[in-house]
Amino acid sequence: MASTRDAALHPSGAGCAVLRAAAGPSSSKKTPSLPELILIMSGMLLIPVQPASAHPQCLDFEPPFKPSWHLEFCTQYEQFGCCDQKTDNTIAERYWDIIDQLEVAGHELCADMLKEVMCQECSPYAAHLYDAEDPYTPVRELPGLCSGYCSEFHGKCRHVVKYLTDNQLLQDTSERDVSTFCSLVDLSDQDYCYPNVLKTSDLNSNLGQVVEDPRGCLQLCLTEVANNLRNPVLMLHSGDDTHRMFIAEQVGFVWVYLRDGSRLEQPFLDMSGEVLTTPWLGDERGFLGMAFHPKYRDNGRFFIYYSIQVNSKLEKVRISEMKVSAYDMNVADPYSERVILEIEEPAANHNGGQLLFGFDGCLYIFTGDGGKAGDPFGKYGNSQNKTALLGKVLRIDVDGSDPSGRHYRIPPDNPFLGDPDARPEVYAYGVRNMWRCSVDRGDPVSRYGRGRIFCGDVGQNRYEEIDIIVKGGNYGWRAKEGFECYDMKLCHNSSLDDILPIFAYSHHVGKSVTGGYVYRGCESPNLNGLYIFGDFMSGRIMALEEDKTTGQWKEKSVCMGDTKTCSFPGLINHHHKFIISFAEDEAGELYFLATAYPSAMSPFGTVFKFMDPSRRAPPGKCKQKPLPVKVRGKKFPFVPRELTVLDINEKPTRPPPRKLKLTTKPLVTSSQVKPTTTAASTMTTTTATLTTKSTGALKWKSPDKKAKKKNKLKPWGKNKMLNKQEVKKKNALQQKSREESKKIAVIKPDKDKVKPKTNQTATDNLKTNTLKTSNSLKDNAFNTKKKTAERKGTQKQIRLEKNSIKMKESAAEYHAFMNKTKTNLNVKSNRTMRNQLQVKNKQARVSKAL
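Computed from a predicted model, the values in this text were never measured in an experiment. (Residues numbered from 1 in each chain as written. Predicted model: local features only at pLDDT ≥ 70, side-chain atom pairs only at ≥ 80, totals over all residues. Heavy atoms only, no water.)

Draft legend 1. Representation of the pattern of salt bridges. All chains considered together, the criterion is met by 30 salt bridges. For D60, the salt bridge goes to R616, with nearest N and O atoms at 2.9 Å. Of this pair, D60 sits in the loop between α3 (34-46) and α4 (85-105) while R616 sits in the loop between β27 (605-611) and β28 (635-636), placing them 556 residues apart in sequence. Judged by relative accessible area, D60 falls into the partly exposed class, the value being 33%. A relative accessible area of 13% means that R616 is categorised as buried. As a salt-bridge pair, D241 and R297 come within 2.9 Å of each other at their nearest N and O atoms. Taken together, the residues D241 in the loop between β2 (232-237) and β3 (245-249) and R297 in helix α13 (residues 296-299) connect sequence positions 56 residues apart. The exposure class of D241 is partly exposed, given its relative accessible area of 34%. In this structure, a network of salt bridges that share partners links the residues D440, D443, R452, R520 and E546. (Salt bridge = Lys/Arg side-chain N within 4 Å of Asp/Glu carboxyl O. Helix = DSSP H or I, 4+ residues; strand = E, 2+ residues; numbered from the N terminus. Buried < 20%, exposed > 50% of the residue type's maximum accessible area, 1.4 Å probe, protein only.)

Draft legend 2. Fine view of the pairing of strand β26 (residues 590-595). Most of β26 sits out of view: six of its six residues are buried. Residues of β26 alternate between two faces, with L590, F592 and A594 on one and Y591, L593 and T595 on the opposite face, all of them buried. Hairpin geometry of strand β25 (residues 578-584) and β26 is characterised by an intervening segment of five residues between the two adjacent antiparallel strands and by a positive phi of about 95° at G588. Where β26 lies against β27, four bridges are found, and the strand directions are antiparallel. Bridge pairing in β27 places L593 opposite V607. (Pairing = 2+ DSSP bridges.)

Draft legend 3. Inspection of the packing of aromatic side chains at higher detail. Under the criterion given, the structure shown has 27 aromatic pairs. Taking 5.2 Å as the distance between ring centres and 90° as the angle between the ring planes, the aromatic pair formed by Y149 and Y194 counts as edge-to-face. Of the two residues, Y149 sits in helix α7 (residues 147-157) while Y194 sits in the loop between α10 (178-185) and α11 (196-199), which places them 45 residues apart along the sequence. Overall, Y194 belongs to the buried group, its relative accessible area being 7%. Residues F582 and F592 carry aromatic rings whose centres are separated by 5.9 Å and whose planes lie at 40° to one another, so their mutual orientation is tilted. Placement of F582 in strand β25 and of F592 in strand β26 is noted, with a sequence separation of ten residues between them. Overall, the relative accessible area of 2% leaves F582 in the buried class. You can call F592 buried: its relative accessible area is 0%. Three or more aromatic residues joined by ring pairs form one cluster here, namely F454, F503, Y505, Y531, F533 and W553. (Phe/Tyr/Trp six-rings, centres within 6.5 Å; stacked < 30°, edge-to-face > 60°.)

Draft legend 4. Broad picture of the sheet that holds strand β9 (residues 314-323). With antiparallel pairing, the four strands of this open sheet are ordered in space as β7-β8-β9-β10. The outermost strands of the open sheet, each flanked by one partner alone, are β7 (287-292) and β10 (338-344). Between one strand axis and the next, the sheet turns by 20° as a mean value, whatever way the strands run. The pairing of β9 with β10 spans six bridges and is classified as antiparallel. (Axes fitted to C-alpha atoms, helices over the stretch in contact; angles between N-to-C directions.)

Draft legend 5. A look at the state of the cysteines. Considering all chains together, one arrives at eleven disulfides under this definition. For C217, the disulfide goes to C559, at an S-S distance of 2.5 Å. Of this pair, C217 sits in the loop between α12 (201-204) and β1 (218-229) while C559 sits in strand β24 (residues 552-560), placing them 342 residues apart in sequence. Here C485 pairs with C491 through a disulfide, and the sulfurs are 1.8 Å apart. Measuring the twist about the S-S bond at about -50°, one finds the C485-C491 disulfide to be left-handed. (Disulfide = S-S within 2.5 Å.)

Draft legend 6. Looking closely at the packing of α4 against helix α5 (residues 111-118). Contact geometry for α4 and α5: axes closest at 11 Å, N-to-C directions at 145°. At the point where α4 passes α5, the crossing takes the right-handed sense. Contacts between α4 and α5 pair I91, R94, Y95, I98 and I99 from the former with A111, L114, K115 and M118 from the latter. (Left-handed = near helix turned anticlockwise from the far one by under 90°. Contact = heavy atoms within 4.5 Å.)

Draft legend 7. Representation of the sheet that holds strand β22 (residues 531-535). The eight strands are arranged β21-β22-β23-β24-β1-β27-β26-β25 in an open sheet whose pairing can be described as mixed. Here the strands that pair on one side only, and so sit at the sheet edges, are β21 (513-518) and β25. Along the sheet, successive strands turn relative to each other by an average axial angle of 35°, direction set aside. Looking at chain direction, strand β23 (residues 541-547) and β24 are connected through seven bridges and run antiparallel. Residue pairing across strands places D547 opposite Q552, the latter belonging to β24.

Draft legend 8. A look at the nonpolar core. If you look at the biggest cluster of nonpolar residues, it comprises 64 residues, and the most contacted ones within it are F268, L269, F287, M290 and F302. If you tally residues by element for this core, the top one is strand β8 (residues 301-310), at six residues. In this structure, L269 is in contact with G252, F253, V254, F287, F302, I304, M322 and A332, ignoring residues within four places of it in sequence. Counting residues in hydrophobic clusters, the runner-up holds 53 residues, among them I91, M118, A132 and C150. (Core = buried A, V, L, I, M, F, W, Y, C linked by side-chain atoms within 4.5 Å.)

Draft legend 9. Spotlight on unusual backbone geometry. Between Y194 and the following residue, P195, the backbone shows a cis peptide bond with an omega angle of 10°. Looking at where P195 falls in the secondary structure, it is placed in the loop between α10 and α11. Geometrically, the link from W477 to R478 is a cis peptide bond, its omega value of 10° lying close to zero. The residue R478 is located in the loop between β17 (463-469) and β18 (480-481) in this model. With a phi close to 55°, N311 is a non-glycine residue in the positive phi region. Mapped onto the elements, N311 comes out in the loop between β8 and β9. Judged by relative accessible area, N311 falls into the exposed class, the value being 69%.

This is the structure:
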């Protein structure tokens, strides 16, 4: 039975048995002895029964989403599911096609159950219902139905199966016994079959939220973006709409990565000859920072921060300005460097290294306290000394020069501009060694938080901290470390007036914080507003969530999702231990850079991208249109190295939805048509039948793209849903009209143009309406922009072209002809040009017959 079931549900999956056999366990395994078997069974009995493991997944092998717009047909999934409005309309169109066929065949419409079954493509568990979570097998053509529901479906709607699938075995069994049919469409996991999947609390309690493990840890997954890097210290975009990423290595190379993942052969920048670094494990010197000017697209300016050694003795950090080459947008001009600032470093550690531009257009520079331990320089240390540039946040204007000869200006609103005991560049002080800071883009809708600067400040012996930088702020070092006192004398000084961190953690958790970003991207909506950061030494990833009412930040641990959670193509659930930096691309998506061996010469650096497997953005919402990038040299395609959760990246194959071949009946000649009594009844019937697909009408496909756009399928309103009375009335009307009518497609007139006429004017109006109908077909075939007749009182001159219908019969015969044909005027917007030409040929034959 199992093999029969697989063959029925996966008609094209004969080769899958070979794959499964190859992947299955070997039959040569040793059979356990009786004592071993008893021990195994005893252990199994001690294991508690686990609830259903939620793993929402769509038929495209991606997480579900919240549709951007209201769904008119499968409304039960408009809050969260796998259908956007376009897919919803497609399902509705197929549904009405089947309803039309059922009406023609005289079958019971079975509307409610048919709709339920078809809408399971929109279920957040569609992949399970259609057996798509197994990428080795083709996808089912019918969703998995629970036995009770299946029996009811078979009893009421088995005649519908032939319209839902081409699978002969399913069609045959649906016409015979219910047990065989239901065994074929059943699922082995009864929690996921329909409608049980709607009732299982474990599957629906936190649907659409970030998955948490029993400890409350947020389970996220990753994708590999780049690899084979030597201690990648930063990754950033240029903000010029090209969506390129620039990755800098500690040794001084900056590489360009294109949006397709490929890397350019030639580096964007090579400072390896100037940068001071060594292969020592954990050496903090090297190429440390980089920032593109906010107007880089226009001026090509960018700024770099790196370690240098003067005369083989004195060590400094240098901040310089450079420009992109005038001949190649992917290469910097090596002769354009202009030194902005140099600061002496008394020790080899605590070199700072962050550069960034705020939304105010100023350049922010983050320096370390000078190194060694405990900031031993001077009476209070460098950090509390505002006359020193070490241990500070500096703010300068690089769009001008100073009369004193500096290549920058001091912003007029810098907090210590008039203080004789402070350097004018100082924006904030009391920092130890801030490693990686970022600017919050702000909420995509409300813009809340926009412009805030977050930093991770590396601690000394006990605590690591996260700070939000404010103008003139004192962040406490060396008086404090985290929330605790470090230098007791300075800590109890009443003039300290320090700003406490928003979060701090002890060295039991990690020993070297790496600052991150507030997620403001599009692809993972659940992460919006979370500040995500990590620890270099422990490899832990953490997140902070703000309580906007109190301003407090609450920690939320982040862990890699388990195998089931990350079972999507291309996803991984592991990363290298040493987290060097975090990054944000031009669209706001979040990354981090890590290595397996923290040496400047070690090529084990990898870039990972965060991905929330529980919810994605609606299809098309995050689509970007990057500007073209002119590449002069070679490109190296990206070759992933990390092992993915699924051992293949292929998505399952799903047969396209079945296209119904609608049957037509022989044409009825005018001699077979009996005239009706009044013209009013003719026009009323025409108005009643020229409706949308809720009447089961057929629309022929327009011949050009503009007509397609004009006649695009509209969302289905609530008044389109079939209740029992509407079904009976519509069925009777449509069945009667189809028995006597001819299949002639015409352009749908505006409702305002169709008015009931009196008996006295029936003959004249009939001739005009007949000519209008004929001309509409021609106008639509040659120029869809032309419209039919104007409203009453303003008539347009109608140009009659080839093969116009001539009036040869009596007025009564024409009146009867229009009454019977217009009753069945069904317009369908999605047919092909070939059908349009066939309609024209039929019309010509009718006109000759008349």
